[in-house]
Structures are given as C-alpha cells and as structure tokens.
Amino acid sequence: MAMKRRKLSNPLALAVMVTLWQKPMHPYEIAQTLRRQGKDVSTKIKYGSLYTVVQNLQKHGFVEVADVERQGNRPERTVYGLTEAGREEMADWLSDLLAVPAKEFPIFETALSLLGALPPDEVVRLLQERLQNLEVEAVSGRAALEKLCQTLPRLFLVEVEYQLHMVEAQAEWVRGFLEEIEKGSLPGVDGWRRFHETGELPPEFT
C-alpha cells in the first residue's frame, strides 16, 4: 500500500489539525498548546511559519474561521476550527503515517554510505565519540522518560519512548560495527585501509 499524495505535506500542518481537533484556537494558542504538549520533541516546529501553515490549511478547506476575539484595546484574534474535510484529512493522513513505512533519509545514513572516504582508524575514533554521545543520550532519556511517566499516561509519551528505543538501537549497532572494524572481521576492511595508505583502489571496490 503506497502513501497517498497530499495537498499539504508539512508534518506541522498535521500537528496543527490535531491541535484544532481538540478545540478551536487562534494561532498563538496553537503554538502554546504544541509546546505544552511536547510536540516540538517529535515534530520540527517553526513557530514563525505557523500562521502560513494555518492559512494554507484554510485555503484547502481544512480549517475555517470559527470566531474573532476582541478584548479591550488588544488587536483582534482570529480563532480557527477544523472543518469536516479537515477531520477526514487529519484521520486519513495520520492513518497513512502509522500504517505505511516511508523511506526517510537520516543524515547519519548518508554519512555511513560515504565513510570509505575516511581512513578506518579515523572512522573508529569518530564512531567511538558518537557511541559515547548516544550512551549519554540514552541514560538521560531513560531518566527523563521515567520522570514523565510519574505524571503523564504512557499514551502521551509513546513518541518519547520510541525515540529512546531508536537511540539505544543505534548505539547497539554502532557498538557491533566498531567491533568488526577493530577486529578486522568487516569484509573489505583491509582493502579500505590499504587504499588510504597507498592511494590504490582495491579491485573489489571498482
């Protein structure tokens, strides 16, 4: 099953729709709610572009003006609500993201695909540094999660739990890969090392 092509692809638009699904809000309140609910941990949120996202959602009929608030001498604040089309889009988009694995391009994968450009010993040093950082991140993440679990239901922390699991899984993989390089059991490691010593590309690399 392929993921559908959507009118809007910015994940922030989905986060805004889910926020408005809770109740109609003005953009500043949307930003406050996203922050308070910790959505900035799992979604790249540019608060300066929030108004543009809301305008795009309105243009496509997913949100509409629900009210205009006037308080004393303060400027008017437009309150937006989710339309029926917006509710359908939100549910459909979220269902797609949960059910269909999408190919993502983490920058670490890019670096791994190009690591042959550095000598093996240098890669070992750099990955050891990464492993230390990952281990620190895992320990602090585990402590933060345990603290959050004391006040919030697990349902609202599953993305934090998933992120922590990914950090721990990456650390485990890096640890095993480092061991292969250091022991010389990684296929091609000798040719990789010779290339950086002599400048001659091994036949198996061509």
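Description of the structure in this document. The shown structure was predicted, so the numbers you read here are calculated from the model rather than taken from an experiment.

Structural notes on the overall build of the protein
Right, on to step 1. If you tally the helices and strands in the protein, you get eight helices and two strands.
Right, on to step 2. Going from N to C terminus, the protein has its helices and strands arranged as α-α-α-β-β-α-α-α-α-α.
Right, on to step 3. The principal-axis extents of the C-alpha atoms in the protein amount to approximately 75 × 40 × 35 Å.
Right, on to step 4. Here the protein holds 206 residues, and the buried ones make up 31% of them.
Right, on to step 5. For the protein, the proportion of contacts with a sequence separation of at least 24, taken over those separated by at least 6, is 59%.

Section: the side chain of E29
Right, on to step 1. With respect to the secondary-structure elements, E29 resides in helix α2 (residues 27-36).
Right, on to step 2. On the basis of relative accessible area, E29 is assigned to the buried category, the value being 19%.
Right, on to step 3. Residues in contact with E29, not counting those within four places in the same chain, are K23 and P24.

Quick word on helix α4 (residues 84-99)
Right, on to step 1. When the terminal C-alpha atoms of α4 are compared, their 23 Å separation across 16 residues agrees well with the 22 Å that a helix rising 1.5 Å per residue should span.
Right, on to step 2. Elements that come into contact with the buried residues of α4 comprise α1 (11-22) and β2 (77-82).

Concerning the environment of G176
Right, on to step 1. Positionally, G176 belongs in helix α7 (residues 158-183).
Right, on to step 2. On a C-alpha basis, the gap between G176 and D190 in space is 18 Å, while along the polypeptide they are 14 residues apart.

Remarks on the packing of aromatic side chains
Right, on to step 1. Summed over all chains, the structure comprises one aromatic pair.
Right, on to step 2. Between the NZ or CZ atom of K103 and the centre of the ring of F105, over which it lies, the distance is 5.3 Å.
Right, on to step 3. Across from the ring centre of F108, 3.6 Å away, lies the NZ or CZ of R130, which sits over that ring.

Digging into the environment of E135
Right, on to step 1. Of note, E135 is situated in helix α6 (residues 120-148).
Right, on to step 2. Sequence spacing of E135 and A171 is 36 residues, and the spatial spacing of their C-alpha atoms is 6.8 Å.

Considering the packing of α1 against α4
Right, on to step 1. Relative to each other, α1 and α4 sit at 125 degrees, their axes nearing to 10 Å. As the angle between them shows, α1 and α4 are arranged oblique. Crossing geometry of α1 relative to α4 is assigned as left-handed. Residues A13, L14, M17, V18 and W21 of α1 form the contact with α4, whose own contacting residues are G86, R87, E89, M90, W93, L94 and L97.
Right, on to step 2. Classifying every residue of the contact of α1 with α4 gives nine nonpolar, one polar and two charged.

Brief notes about the environment of E161
Right, on to step 1. Assignment of secondary structure puts E161 in helix α7.
Right, on to step 2. For E161, the contacting residues outside a window of four places in its chain are L145 and R154.

Re the nonpolar core
Right, on to step 1. In terms of nonpolar packing, the biggest core is built from 23 residues, with V16, M17, L20, I30 and L57 touching the most fellow members.
Right, on to step 2. Of all the secondary-structure elements, those providing two or more residues to this core are α1, α2, α3 (50-59), β2 and α4.
Right, on to step 3. The greatest single-element share of this core, amounting to seven residues, is contributed by α1.

Focus on the pattern of salt bridges
Right, on to step 1. Counted by the stated rule, this structure contains 12 salt bridges.
Right, on to step 2. When the shortest N-O distance is used, the salt bridge between E129 and R125 registers 3.9 Å. Here E129 and its partner R125 are both found in helix α6, four residues apart, which amounts to about one turn of the helix.
Right, on to step 3. By relative accessible area, which is 41% here, E129 ends up partly exposed.
Right, on to step 4. E161 is paired through a salt bridge with R154; the nearest N and O atoms lie 2.6 Å apart.
Right, on to step 5. Relative accessible area serves as the criterion here: at 27%, E161 is assigned to the partly exposed category.
Right, on to step 6. Beyond isolated ion pairs, a larger network of salt bridges with shared partners links R6, E89, D92 and D96.

Definitions and cut-offs
Residues numbered from 1 in each chain as written. Predicted model: local features only at pLDDT ≥ 70, side-chain atom pairs only at ≥ 80, totals over all residues. Heavy atoms only, no water. Helix = DSSP H or I, 4+ residues; strand = E, 2+ residues; numbered from the N terminus. Buried < 20%, exposed > 50% of the residue type's maximum accessible area, 1.4 Å probe, protein only. Contact = heavy atoms within 4.5 Å. Expected span 1.5 Å × (residues − 1). Phe/Tyr/Trp six-rings, centres within 6.5 Å; stacked < 30°, edge-to-face > 60°. Lys NZ or Arg CZ within 6 Å of the ring centre and 35° of its normal. Axes fitted to C-alpha atoms, helices over the stretch in contact; angles between N-to-C directions. Parallel < 35°, antiparallel > 145°, perpendicular 65-115°, else oblique. Left-handed = near helix turned anticlockwise from the far one by under 90°. Nonpolar A, V, L, I, M, F, W, Y, C, P; charged D, E, K, R; others polar. Core = buried A, V, L, I, M, F, W, Y, C linked by side-chain atoms within 4.5 Å. Salt bridge = Lys/Arg side-chain N within 4 Å of Asp/Glu carboxyl O.

Purely geometric numbers; function is a separate question.
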